Structures are given as C-alpha cells and as structure tokens.
Amino acid sequence: MLLTAAMPRAAFPAQPLDNTKPGAAIVDSDIRQEETLSKTEAGKVITAIDRTRENIGTVRKTTKLDTVDIVFLTDAARSEGGPPPAIENKVKQHQDDVTELRQEIEANALLFNAIDSRRVLADDVLAVEFDNPGKIVIYAAAKPPPK
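Please read all numbers here as calculations on a predicted model, not as lab measurements.

Draft legend 1. Main features of the overall build of the chain. Each helix and strand counted, the chain has seven helices and four strands in total. Across the chain, helices and strands are ordered from the amino to the carboxyl terminus as α-α-β-α-α-β-α-α-α-β-β. For the chain, buried positions account for 44% of its 147 residues. Restricting the contact set of the chain to residue pairs at least 6 apart, pairs at least 24 apart contribute 77%. When the accessible surface of the chain is totalled, it reaches about 8800 Å², and 52% of it is carbon and sulfur.

Draft legend 2. Region of interest: the nonpolar core. If you look at the biggest cluster of nonpolar residues, it comprises 21 residues, and the most contacted ones within it are V68, I105, L111, I115, V128 and I138. The element best represented in this core is helix α7 (residues 109–117), accounting for four residues. In contact with I115, other than residues within four places in its own chain, are I70, I105, V120, L121, A122, V125 and I138. One finds A48, L73, V91 and V137 within the second-largest nonpolar core, a separate group that totals 15 residues.

Draft legend 3. Just the pattern of salt bridges, in detail. What the rule picks out here adds up to 12 salt bridges. A salt bridge links D69 to R32; the nearest nitrogen and oxygen atoms lie 2.7 Å apart. Linking D69 in strand β2 (residues 67–73) with R32 in strand β1 (residues 30–36), this pair joins segments that are 37 residues apart in sequence. When its relative accessible area of 11% is taken as the criterion, D69 is described as buried. Between D69 and K135 there is a salt bridge, and its shortest N-O distance comes to 3.2 Å. Of this pair, D69 sits in strand β2 while K135 sits in strand β4 (residues 135–140), and the two are 66 residues apart along the sequence. Accessibility expressed as a relative area gives 18% for K135, which makes it buried. Residues participating in the shared-partner salt-bridge network are R53, R60, D97, E100 and E104.

Draft legend 4. Spotlight on unusual backbone geometry. Phi angles above zero are rare outside glycine, and R119 is one such case at about 60 degrees. By secondary structure assignment, the location of R119 is in the loop between α7 and β3 (125–132).

Cut-offs used in this document
- Residues numbered from 1 in each chain as written.
- Predicted model: local features only at pLDDT ≥ 70, side-chain atom pairs only at ≥ 80, totals over all residues.
- Heavy atoms only, no water.
- Helix = DSSP H or I, 4+ residues; strand = E, 2+ residues; numbered from the N terminus.
- Buried < 20%, exposed > 50% of the residue type's maximum accessible area, 1.4 Å probe, protein only.
- Contact = heavy atoms within 4.5 Å.
- Areas by Shrake-Rupley, 256 points an atom, 1.4 Å probe, with all protein chains shown as cover.
- Core = buried A, V, L, I, M, F, W, Y, C linked by side-chain atoms within 4.5 Å.
- Salt bridge = Lys/Arg side-chain N within 4 Å of Asp/Glu carboxyl O.

Set out below in structure tokens:
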C-alpha cells in the first residue's frame with residue numbers, strides 16, 4: 001500500500017485541452033470585457049475601492065456568477081504610467097485591503113480563471129463591485145489582450 005501511494009500519479013487536466021475558451025468553460029459564466037478611460041469610471045472605481053474591505057468577504061464566498069464584467073481602464077495600465085492620482089491615492093489609502101482582495105481573487109478559481117482568460121494579472125485589479133448576487137465588475141488597470 002505504501003509503495004502505490006509513493007508512486008507518481010498521472011496528471012489530469014482541469015479542462016479539455018481542445019477548449020478554445022478556457023475561462024468560460026471553467027467559470028460557467030458570461031465573461032464580458034469593456035475598454036474605457038479611468039477618468040470616465042473614476043467615481044465608480046473610487047467607490048469600489050472604498051468598499052474593498054466588505055467585498056473581500058464576498059469574493060471569498062463567491063462560487064458561481066452569471067456575469068463577470070472586466071473593465072479595462074486602458075489609460076491606467078502600467079505601460080501608460082499607471083492609474084491617475086485620484087485612483088492611485090485611493091489604492092494607497094486602502095493598500096492592505098487591495099492586496100488582500102488581489103490574494104482572494106487569486107485563490108478563487110472562478111475569479112482567477114475569469115481574469116486569466118483575459119490576460120489580466122491580479123496585481124492589475126484595482127477593485128471589484130458586485131452589482132447583484134450574480135454579477136461582478138472587475139476594474140483592472142490594464143489593456144485587453146490583442147485579438
């Protein structure tokens with residue numbers, strides 16, 4: 001018995017390798033993306049950052065969502081110099097909570113695979129917002145992947 005337990009096991013993929021939409025297959029959610037400028041969404045992003053502490057618990061408990069909206073704040077991407085001062089200052093003000101939120105997103109298979117399917121790094125997530133029980137909006141300081 002010990003001999004068989006010590007033998008390596010065959011690795012089984014978490015999803016079919018021929019699937020062209022891995023994020024959608026894993027999360028079973030509609031993953032949508034939008035591109036906008038941070039100045040257009042600054043109020044929503046700042047409000048969402050202020051709510052980070054309460055959203056961490058919701059992220060931790062989230063196991064199913066109907067819709068995952070990823071909002072790319074293209075002018076806030078690292079390649080563009082990062083978020084504008086108002087958003088950057090709010091992130092710094094809530095730095096510990098934002099760091100914990102990013103860790104919870106990485107630990108949540110559903111959310112991690114949703115952002116990963118759009119090539120968003122957890123470190124680029126500024127905030128999340130739960131519109132209703134089945135929908136999350138993820139604000140990312142990033143540019144979308146090339147099509």
